[in-house]
Each structure stands twice: as structure tokens, then as C-alpha cells.
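# Fold and geometry: a report
Letter by letter, the chains look like this.
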Amino acid sequence: MSEPAETVVTTEMRLQALMDFLNHHVLNAREWHIVPGLTLHIEWSWFSLHAIMLVLAAGFLIYLFGFRYDRHQKVPSGLSNLLETFVLFIRDKICIACLGEEDGKRMAPLFLSFFFFILTLNLMGLIPFFASATANVSVTGGLAAISLFFMTFGAIYKNGFVGFFQAFVPHGVPWPVLILLVPIEMLGVLIKCFALMIRLFANMLAGHMVLGAIIGLIVVFGLIALPAAALGVAVYILKIGVSLLQAYIFTMLSAMFMGQIWHPAH
């Protein structure tokens, strides 16, 4: 026997509501569903939902480090201690480790901005009625483009044009092999930045898809699939760790790639 029409309609409506909720998290749009019944329509053609997330994340970090972080404390405590732990780790274990003492300290603000900005965007995507801007390939592509800019123009500024191109010429390789190897090495810079873009985008997008699929089981099958709720909570907690991990990986790889081209002798 077929299901009653009311049951079919209800299931379809629930699935559509789930898809709308999931799409709101991962797709860019011209409106922001803040709470049920309250929608902010974005009138500016050059603005979007993910652009709002970027502005909110930037504003939150300005408030966090400008007003809540006390850098003058001799013995940091509370929130300042937590933030300083991350700052010192990124400066010492990533920046200085990959770029050396001088360049590492000079470029630390860039990589700290990468880490905290990406982490904030990732965690915002886990808040109901917010959106995951890092699930947008345009956002991750923009971050990767910044890395590409400093990898190329930063290396030219530091080593000059000749030193920049010498980084793509391995020592001790016969010149016939260099004809093929040098273009591949140059292309590798673009491939590395492309990998930065895709890795962050794909991980954030996939996490929301998996979480949406688990919620969909409950929507379709009802109480029978209720154990999936425990799995959903586990995936949600896992995504918090993934958000932190992906911010670290993007920052670490950016510093590593930059160090390889800034200091080719090492």
C-alpha cells in the first residue's frame, strides 16, 4: 500500500527544509536567514552572505585582539593566555621553523592572520543560522592567492629576479633535463596554491554534507533512525577538531611553501 498523501507531503516538506538549511550553510546567497521568520535581504550587488561572514569574522578578530587580548600582562591569564599560546606556537613552530629567525618573525603577522581568520570562519560555519564561508571555493581561492603573492613577489623582493628564477633550477642536473624540469618546478608553485585552495574548501564542504546526510536520515525515517543523532553529535564534535586542524594545515603549508622558494639553498 502506498503511503497517505499527507505523510508524503510532510516528508517532502521536511526534506526541502533540510536542503534549505544545508544550502544556507554552504552556498552563497543574497539573503541571510538569521532566525526562523527573520531574513536579511542583501541589496548590494557586490555583497553576499559569505561576504557578511568575512566581515563578521574580521570584526570579531579585531575586537578579540584589540580589546580583549592584553599583551602587556607579565603573566597572561584567561583568554590572553589562551591566545598567546596559539600566537607563540605559530610564530615559533611554524614561522621561524619554516622561514628562519628573521623572516619568520617578520612574516608572523601574515600567518597568524591566516590561522585565526580561517579558524573563525570554520567555527562560524558550525553555528546554526550562520554560513560556512570556507566552503566557498572563491574564499579559499582568495586566501591561496595571498599565499601565491607572497611566494612570488616576496621571493623577488628578497632574492631579486635572478635569485627567484634560480630557485627553480636544481643544482647538479644536466641541462637537457632542465629544459623539462624548470617549467615543471614553476608550475609546481601554482599547483601548491591550488592544493591549498581545494584542501580547505573540500574539507569544509564535505563535513557539512556528511552532517546533513545524517540529519536527513532522522528526517526521513523518524524515530527508527534516532541513533543517527548520536552519530551526528559525534560528527559535529569532530568538525570542531577539523576546523582547528584545517586552519593549522593551511598556515603550515603556506609557510612551508614560502620557505622553500624564499630559501632554495635549504
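Cut-offs and rules
- Residues numbered from 1 in each chain as written.
- Predicted model: local features only at pLDDT ≥ 70, side-chain atom pairs only at ≥ 80, totals over all residues.
- Heavy atoms only, no water.
- Core = buried A, V, L, I, M, F, W, Y, C linked by side-chain atoms within 4.5 Å.
- Buried < 20%, exposed > 50% of the residue type's maximum accessible area, 1.4 Å probe, protein only.
- Helix = DSSP H or I, 4+ residues; strand = E, 2+ residues; numbered from the N terminus.
- Axes fitted to C-alpha atoms, helices over the stretch in contact; angles between N-to-C directions.
- Parallel < 35°, antiparallel > 145°, perpendicular 65-115°, else oblique.
- Left-handed = near helix turned anticlockwise from the far one by under 90°.
- Contact = heavy atoms within 4.5 Å.
- Nonpolar A, V, L, I, M, F, W, Y, C, P; charged D, E, K, R; others polar.
- Phe/Tyr/Trp six-rings, centres within 6.5 Å; stacked < 30°, edge-to-face > 60°.
- pLDDT = per-residue confidence, 0-100.
- Expected span 1.5 Å × (residues − 1).

### Topic: the nonpolar core
F111, M258 and I261 are the most contacted members of the largest nonpolar core, which totals 58 residues. At the level of secondary structure, the elements contributing two or more residues to this core comprise α2 (49-68), α3 (78-99), α4 (101-124), α5 (137-166), α6 (175-221) and α7 (227-262). Among the elements that line this core, the one with the most residues is α4, at 13 residues.

### Comments concerning the packing of α5 against α7
Running from N to C, α5 and α7 point in directions that differ by 15°, and their axes come no closer than 9 Å. Relative to α7, the element α5 lies roughly parallel. By crossing handedness, the relation of α5 to α7 is classed as right-handed. Contact residues: α5 offers L143, A144, S147, F150, M151, G154, A155, K158, N159 and F164, while α7 offers F250, S254, F257, M258, I261 and W262. Looking at the contact of α5 with α7, its residues break down into eleven nonpolar, four polar and one charged.

### Comments concerning the packing of α3 against α4
In contact at an axis separation of 8 Å, α3 and α4 are set at 130° when each is read in the N-to-C sense. When the axis of α3 is compared with that of α4, the two are oblique. Two packed elements cross with a definite hand, and for α3 against α4 that hand is right-handed. Residues L83, F86, V87, I90, R91, C95, I96 and L99 of α3 touch α4, and the partners they reach there are E101, D103, G104, K105, M107, A108, F111, L112, F115 and F116.

### Notes on the packing of aromatic side chains
For the structure shown, the criterion picks out twelve aromatic pairs. With centroids separated by 4.9 Å and ring planes inclined at 70°, the aromatic side chains of F65 and F116 adopt a geometry described as edge-to-face. Here F116 lies in helix α4 and F65 lies in helix α2, a separation of 51 residues in the sequence. By relative accessible area, which is 8% here, F116 ends up buried. Considering the side-chain rings of F164 and F168, the 5.2 Å spacing of their centres and the 85° angle between planes classify their relative orientation as edge-to-face. You can call F164 buried: its relative accessible area is 8%. Residue classification places F168 among the buried residues on the basis of a relative accessible area of 6%. Through a chain of ring-to-ring contacts, the aromatic side chains of F65, F86, F115 and F116 assemble into a single cluster.

### Some thoughts on the environment of L143
On the secondary structure map, L143 appears in helix α5. Expressed as a C-alpha distance, the spacing of L143 and F114, which sit 29 residues apart in the sequence, is 7.9 Å. Residues within four places of L143 in sequence aside, it is in contact with F114, F117, I118, L200 and F250.

### Let's talk about the confidence of the model for the protein chain
The predicted model of the protein chain has a mean per-residue pLDDT of 82, with 77% of residues at 70 or higher. Within the protein chain, α4 carries the highest mean pLDDT (94), whereas helix α1 (residues 5-26) carries the lowest (60).

### Thoughts on the environment of V182
Following the sequence through the fold, V182 ends up in helix α6. Look at V182 and you get buried, because its relative accessible area is 17%. In sequence terms V182 and Q166 are 16 residues apart; their C-alpha atoms lie 9.5 Å from each other. In contact with V182, other than residues within four places in its own chain, are F168 and V169.

### Let's talk about α3
In a regular helix each residue adds 1.5 Å, so 22 residues correspond to 32 Å; α3 covers 30 Å between its end C-alpha atoms and thus fits that length. Buried residues of α3: S80, L83, V87, I90, I94, C95, I96, C98 and L99, and no others. Those residues of α3 that are buried lie in contact with α2, α4 and α7.

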